[in-house]
Each structure stands twice: as structure tokens, then as C-alpha cells.
Amino acid sequence: MSNSDFEPRIVAFLCNWCTYTGADLAGTSRIQYPPNVRIIRLMCSGAVDPVYVLKALLDGADGVLIGGCHPGDCHYQTGNYKARRRVAILKETLRQMGLEEDRLWLRWISASEGQRFADTITEMTAALKAMGPNPMRREWAV
Amino acid sequence: MARTPKVGVYICHCGINIAHTVDVEEVAGFAGRLPHVAVARHYTYMCSDPGQNLIKQDIEELGLTHVVVAACSPLMHETTFRLACQEKGLNPYQFEMANIREQCSWVHAAGPETTEKAKQLVASGVSKAILLEPLAEREAEVTPAALVIGGGVAGIHAALDIADAGFRVVLVERGPALGGRAMQLHKTFPTLEPVAGLIAPLIARLLGHPRIEVLTEAEVTEVSGYYGNFEIEVAIRNPQSAICNLQVGAIIVATGYDLFDPTALPEFGYGQYPEVITGMEFERLAAGGEITVNGKTPQDVVFIHCVGSRDAHRALPYCSRVCCMVTARQAHEIQQRLPEANVTVLYMDVRAFGKGFEEFYDEVRREGVLYRRANPSEIIRRGDKLIVRAEDTLLGEAVELPADLVVLAVGMTPRADTEKLAALLRLSRSPDGFFMEAHPKLRPVDTATGGVFLAGCCQGPKDIPDTIAQARAAAAAAMVPLMRGKVKVEAAVAFVEEELCAGCGVCAELCTYGALALHPVRGVMTVNPVLCQGCGACAMACPSGAMNLHHFTFDQVMAQVDTLVGHLS
């Protein structure tokens, strides 16, 4: 597959209070972004089990986005800090597995940042296009 | 699970909002072929009565165990459909929503990719739905008291309404006096009544109310607990400084606004020329007897609109809604009291949208106030006069206006302590920095934090009647739990699978709410479902997979990932 016709597949785990609502605002504001993302709603970015991320990447998703509240704004006070520490370790794990660590993005996007959410998806889609398909997709094929 | 799941899937057209970009018929056909799906339909408006009836009928006739509606955001209509399910005896937690409007049809162009995305979101929803289990909704007792933060017009009205309804209210005001910004205003617009005369009786009633406790020079320093039972710490910072602990069931935030500081725009010479003052300073000048500047009666008075407002590049991008009419009232005051003076208003647009506003604006112009559409560039001194340089944007030429007094109509800004309070109360802020309401159209006084409501200018610029309307609406909203005496407690809380739990306590260390404790006999963790807020941090951290979060279980999320990634290839 050449990189030009490669459409990256992004799974996004978004916290209910900030980034999921921000993604809704992108919708109500009709801000367009590439249809490459599939959103899973969780209550908090601190509830993203590393296994969710690893499963998505090992099964062949090209990128994973974790979206949470800005530091200090977490609805549950400290969930986003927990997510931040976990992502740091996950990136190390990805490197050890031979996967590009930049397939995993963590972004703080508030409920009022619809534009920022759309921009993030646009940027991430472009970055993953440049990076190319997840090598796991081929390795896991029978 | 006792029975094999039997899922009903309903694709909403939302008029053309979804149907215009998503092939809803194709999505319904696809959904009908998914495992465990007994019926898949599409309909114009699922939230309408006929739409909901489709669901209710299918629950009855087909014995559905789970329902998936693919429509708008769950933040919009989840409650609507949960209630429809509940009416036909289906547990509301066996309902799932696929967001194919805000997160699909509204953000992508019409085409096969958009329909494909909608299908996958539906498949993801169904794969989660078949694993959803019925949950029991619990209720918690409500402390029959309210906290009002801010002693301005909004806070006073909210406090009086709640107290009049029979509940105890504690009003915390940061400053030494009550009445807020309104007490600094000279007169109302367009009705020209002295503001202090309107507010003073309200303050007297507030202070004399048997159910209202007023704490001035006091600040909320700590908020814990949850909807119905908040624990508040207030620091009183006067000579008898003290720490006060309160228990309340609801909180109203009515902290008001700050004013834009015009020193940020040096071309106006504010702080440099004593003859340049803000609109708020004019109020003091007008209330203080004879109007003089440097000991003399001003002959030429220039008002400048939108100082710092509607200027996304250098100052505030938004309109403060009140300055046009405040300026008209101030120009009227000068015209009445100094009939010899030349009064000019330099404006960008005049926004006279309220009841009686346009009529008042017309009257002020008839009195002789000159309105000139102009873009001011700088203020300089020439002799004993100031000169306002501007571009007349109707004539397209540069003009110079002599002035003895220049009044800058500065807009409203979020209070400097907004960020601190937002963190304490877990509130979001709009792009303009003011506190954000739960929904810009439908929930203007609620916030994302249950039991916390907004009133007045802390949510955005408002005039006095709009502030009072929102304050009384917030009071009414806060009284709902107070009157009922009970609030629904989140059912989607953490739970423990005891046979897997080693009692290591990692989860308890992570829990912000102190909801987890080691069972003294069984040696496993226990969850206090009233304290648990359902964030899921414990479930994610449990090394043995014993901790889990209802409605967002490990298996449910993994099923969604599996479906989405599987369908992607």
C-alpha cells in the first residue's frame, strides 16, 4: 500500500467531561475533520486501561488518541495526571515492542475547544499518513 | 447473563441532520445483520413521540433485552431514551447510544466514508450493549441548605428565593460590602432609576432574613462531597478571621465580573490623561454632584464604544452587551445636566436589542447627542484640550474631535479568580474565560458538575434584568433537589469481584473520594457506592482485574475496541 492512498485508522478514548464534549462542540459548530477517527466514550482519561491501547495497536489500529481535561481541570480532580503517567510508560512499552511511540497521542482538550479537537484529528491523520500503516497489521495477518 | 441478548437498533435521521450525510437506510440494513440484533429501524426523529413509541412497541412485542439508538450525542438525549426503556420495564442501563450526529454527520461530508463510520459506531455500540447489565439506581439524602458564592445582584436574588422557599442559605461574599458592581452604578438604563435605591432594600431583606447567613470578607477555600451533600470550607478574612465548615445540598456561583483594563490599549491614554476615564468611573463622577473635570465644567465630551471589546487580535473578542446602553444613558445624563456641552459618541455598531433600548437610543439622539460611526486611533493633548483622532467610517475620512472629558466604554471580563474557583468546583470555562453552562441552548444555568448552578455575569456579560432572571432560574434549579430531599446517585460506580481481589489496596490509594476500604474480615476491597463518583481510576489500576466500573467494564470497552479495529481492516 502506498502512503498516498493509505487512510489511517484512529481509535480515540475520550473523557466524558472535556474531550468528548469538545468533540460534540466541533459537531454543533460544524467544524469539518477527516473521518478517520472512531471515538469510545469513557468517564475519565484516568480510566484508560493500558490494555485498551495495546489491544487497539496490536489489532492493527494505526493510532490511538487519549483525550482528557487540561491539567487542573479534571472532573475527578486527578484522573488526567494518572493518564499522563500511564502514557509515559506506555510509550516506553511501544518502543520495546518495535512500534513508533508517536502512534499514541495524549491531548488535553476542554469542552469548549471544538476547534482544537478537529485540529488534533486533522494533524494526527496527517502525521499517521506520513508514518505509514501500523506494521502490526501485516505481522498479524495469517 | 440470564437470557440471550435481543437488541433493537434505531437509526435517527434527525430530519436531514444525519440523513443528509449518512445513508441511514444502509446503516439500518447493516445493523440488522449484526449478531444478536433482533430488529433495526430508521426513523425521521427518534426523540419524537412516534420515534420513542417504535422502541417501546418493540420492547413489548419482541421482548428486547437491550436498545441502541444511533442519533445525537448521549449528552443530548440519553436520558430521553433511558426513560422510554424504563417505561416498558427495561432497565435504563441496558440502553446505549451511538453518536452519529455531533461526531459523524455534522463533521464529515456526505459520502461512503461517513456512512462507513456511522456503521462502525453503531457496531461498536451494539457490541457494548449486549454486555450491558441492569443497574439499580440509588438515591442519597440531600442536605436541605444551599451555598451562594457572591453577594451581588445575582447572589442576593438567588439567596432570597431559596430562603423564602424555606431552606437555609449561606451567602459568601469576598468583599466587605453587599450589592456587588451594581452598587457602583449611578442609574439603570433605559429606566433611569438610581441603582442603590433598588438594591438597598434587597440587602436589608437579605441581612434580616431568618434563614440566610451572610459571611462577608470570606472566601470558599475547599469543596468536597457531591451533589446533595457538599462539604464547604470558608475562610473568613476579617479581624475575627476564622475557618467555617458548611454542609449544603446545592451551590450557586454568582461571582460576577471584572472590567477590562484600558491601560492595555495605550492609544487611549488612560492613566496618562486625567480627563480619560472609564464608564464605571463616570458613574462615580455623575453620582457625586456637579460634573467637573480639573475643576471646570466640560464643554466637549466624547464617549468611545467597544474599548477592548470585539477585538480578537488585541483584546476581548466578544461583545459585553451592556456598554452601548450604559453609554447612551451616560450621554443622556451629560446632555441633561450640561445642556451647553457637545456630546459625541464614537461607535462601531449600536446594539440596542432589549426591551425599550431602541426607543431610548432614539430619544438620546433626538436630545442632541451626536452618534458618529468611527474608529478611534489615538488621543493626544493639544493646549488645554484633548484631541480624539479617529477615522469616520461612514465618511471614510480622518477626523479630530476636541474633548475635555473622554469616557471609555470598557467591557466585562471574567474575574481574576475565575480559574481558582473553576478548579475548586470542577467547572469548565468557555473560550471567553467565563464559567461554562452545561449546554449553550438548553441548560443555561446548569454546569457539568451536578448540584452547581450559575447565575449572573460569571457566566457571561448581562444587564441587571437578565442577571436576575438567571439568578432566579438557578435558585429554582437548586431547589429541585432541596425540595425532593433526595438525589439520584450515579449507578455506574465501581465494583469488586471478590474472588480476584488480593486486598492490596492500590485502588484505595488512587481513589480521590475515599470510596474504597479493605474489608476487615474478608480481606478484600469494598466500594462505598455513595462516595464513588464512577471515574474508573481504581479499575484501571487493579493488578488482578478485580476492580471494575459498572457500565464501562473492561469487557465492554474491549468489545468496542475489538469491533472498531476489526471493522477497520
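Here we come to the packing of aromatic side chains. Two descriptors summarise a pair of aromatic rings, namely the distance from one centre to the other and the angle between the planes of the rings. All told, the structure shown has eleven aromatic pairs over all chains when counted by the stated rule. Between Phe-282 of chain B and Phe-303 of chain B the ring centres are 5.8 Å apart and the planes differ by 65°, which places this aromatic pair in the edge-to-face class. In this pair, Phe-282 of chain B sits in helix α8 (residues 279–287) while Phe-303 of chain B sits in strand β15 (residues 300–307), placing the two residues 21 residues apart along the sequence. The buried category is assigned to Phe-303 of chain B, whose relative accessible area is 0%. Taken together, Phe-13 and Tyr-52 of chain A together with Phe-554 of chain B form an aromatic cluster joined through their ring pairs.

Taken as a class, soluble globular proteins show a tendency for nonpolar side chains to be buried jointly. Residue and element names in this part refer to chain B. With 42 residues, the main nonpolar core has Val-9, Ile-11, Val-67, Val-69 and Val-122 as its most contacted residues. Every element with two or more residues in this core is listed here: β1 (7–12), α1 (24–32), β2 (37–43), α2 (49–62), β3 (66–71), α3 (74–87), β4 (95–99) and α5 (112–129). Counting residues per element, this core draws most heavily on α5, at six residues. Val-148, Ala-159, Val-169 and Leu-206 belong to the second-largest nonpolar core, a separate cluster that totals 36 residues.

All names here are of chain A. With the rule as written, the count across this model stands at one disulfide over all chains. Disulfide pairing places Cys-18 opposite Cys-69 at an S-S distance of 2.5 Å. With the S-S dihedral at roughly 100°, the linkage between Cys-18 and Cys-69 falls on the right-handed side. Of the two residues, Cys-18 is situated in the loop between β1 (10–15) and α1 (19–28) and Cys-69 in the loop between β3 (63–68) and α3 (79–96); the sequence distance between them amounts to 51 residues. Each of the two residues, Cys-18 as well as Cys-69, counts as buried.

Once that is clear, we can look at the interface of chain B and chain A. Interface size, as often reported, equals the accessible area lost upon joining of the parts. Between chain B and chain A, the contact holds 47 residues from the first and 48 residues from the second. Across the interface of chain B and chain A, roughly 4200 Å² is buried in total on both sides, 62% from carbon and sulfur atoms. Considering only the side of chain B, the residues that lose the most area to chain A are Gln-103, Trp-106 and Met-540 of chain B, jointly responsible for 15% of the buried surface there. Seen at the junction of chain B and chain A, the total is two salt bridges. Of the charged contacts, one joins Glu-78 of chain B and Arg-41 of chain A as a salt bridge, the two residues approaching to 3.7 Å between their closest N and O atoms. Remark: the boundary between chain B and chain A carries 16 residue pairs in polar contact (both at pLDDT 80 or more). Those elements giving two or more residues to the side of chain B that touches chain A turn out to be α3, α4 (101–105), α5, α14 (537–541) and α15 (554–568) of chain B. Per-class residue counts for the side of chain B that touches chain A are 24 nonpolar, 16 polar and seven charged.

Residue and element names in this part refer to chain B. In contact at an axis separation of 10 Å, α1 and α5 are set at 35° when each is read in the N-to-C sense. The two elements α1 and α5 meet at a crossing, and its hand is right-handed. Mapping the contact onto sequence places Glu-26, Val-27, Phe-30 and Ala-31 in α1 and Thr-115, Ala-118, Lys-119, Val-122 and Ala-123 in α5. Considered class by class, the residues forming the contact of α1 with α5 number six nonpolar, one polar and two charged.

With that settled, consider the sheet that holds strand β6 (residues 145–149) of chain B. Residue and element names in this part refer to chain B. The strand order across the open sheet built from five strands is β8-β7-β6-β12-β22, with neighbouring strands paired in parallel fashion. Here the strands that pair on one side only, and so sit at the sheet edges, are β8 (212–215) and β22 (452–454). Each neighbouring strand pair of the sheet contributes to a mean axis angle of 20°, computed without reference to strand direction. Pairing geometry for β6 and strand β7 (residues 168–172), over five bridges, is parallel.

Attention now goes to the sheet that holds β4 of chain B. Residue and element names in this part refer to chain B. Taken together, the four strands give an open sheet; going across it, the order is β2-β1-β3-β4, and neighbouring strands pair in parallel fashion. Bordering the open sheet on either side are β2 and β4, each of which pairs with just one other strand. Adjacent strand axes in the sheet meet at a mean angle of 15° when their direction is disregarded. Where β3 meets β4, five bridges bridge the pair, whose relative direction is parallel. Bridge pairing in β4 places Val-68 opposite Glu-96. Sitting on the sheet, α3 touches β3 and β4, and the angle it makes with β4 is about 150°.

Turning to the pairing of strand β9 (residues 218–226) of chain B, a few remarks are in order. Residues and elements named next belong to chain B. Relative to strand β10 (residues 229–236), β9 runs antiparallel, the two being bridged by eight bridges. Its bridge partner lying in β10, Tyr-226 is registered against Asn-229. Hairpin connection, β9 to β10: the antiparallel pair is bridged by two residues, and Gly-228 has positive phi, about 100°.

Among the residues of α1 of chain B, Val-24, Val-27, Ala-28, Phe-30 and Ala-31 of chain B are the ones counted as buried. Summarising the axial view, the buried residues of α1 of chain B lie within an arc of 160°, below the 170-degree limit, and thus occupy one face.

With that out of the way, let us pick up the side chain of Asn-548 of chain B. Residues and elements named next belong to chain B. With respect to the helices, strands and loops of the structure, Asn-548 is situated in strand β27 (residues 547–549). A distance of 3.1 Å separates a polar atom in the side chain of Asn-548 from the backbone nitrogen of Phe-554. When neighbours within four sequence positions are excluded, Asn-548 is seen to be in contact with Val-493, Ala-494, Phe-495, Glu-497, Ala-539, Thr-553 and Phe-554.

All names here are of chain B. Remark: α2 packs on α3, axes separated minimally by 9 Å, with the N-to-C direction vectors making an angle of 35°. Where α2 crosses over α3, the two elements pack in a sense that is right-handed. Where α2 abuts α3, its residues Gln-52, Ile-55, Lys-56 and Ile-59 lie against Thr-80, Phe-81, Ala-84, Cys-85 and Glu-87. Of the residues contributing to the contact of α2 with α3, the split by class is five nonpolar, two polar and two charged.

Residues and elements named next belong to chain B. In this model helix α7 (residues 195–208) runs 21 Å from its N-terminal to its C-terminal C-alpha over 14 residues, within 8% of the 20 Å that 1.5 Å per residue would give. Taken as a whole, α7 has its buried residues at Val-195, Ile-199, Leu-202, Ile-203 and Leu-206. Buried residues of α7, viewed axially, fall in a sector of 105°; they line one side. Close packing links the buried residues of α7 with α6 (153–164), β7, β8 and α12 (464–484).

Cut-offs applied
- Residues numbered from 1 in each chain as written.
- Chains lettered and ligands numbered in written order.
- Predicted model: local features only at pLDDT ≥ 70, side-chain atom pairs only at ≥ 80, totals over all residues.
- Heavy atoms only, no water.
- Phe/Tyr/Trp six-rings, centres within 6.5 Å; stacked < 30°, edge-to-face > 60°.
- Helix = DSSP H or I, 4+ residues; strand = E, 2+ residues; numbered from the N terminus.
- Buried < 20%, exposed > 50% of the residue type's maximum accessible area, 1.4 Å probe, protein only.
- Core = buried A, V, L, I, M, F, W, Y, C linked by side-chain atoms within 4.5 Å.
- Disulfide = S-S within 2.5 Å.
- Contact = heavy atoms within 4.5 Å.
- Buried area = accessible area lost by both parts, 1.4 Å probe.
- Salt bridge = Lys/Arg side-chain N within 4 Å of Asp/Glu carboxyl O.
- Polar contact = N/O pair within 3.5 Å; in protein donor to acceptor, adjacent residues only side chain to side chain.
- Nonpolar A, V, L, I, M, F, W, Y, C, P; charged D, E, K, R; others polar.
- Axes fitted to C-alpha atoms, helices over the stretch in contact; angles between N-to-C directions.
- Left-handed = near helix turned anticlockwise from the far one by under 90°.
- Pairing = 2+ DSSP bridges.
- Arc of directions from axis to C-beta.
- Expected span 1.5 Å × (residues − 1).

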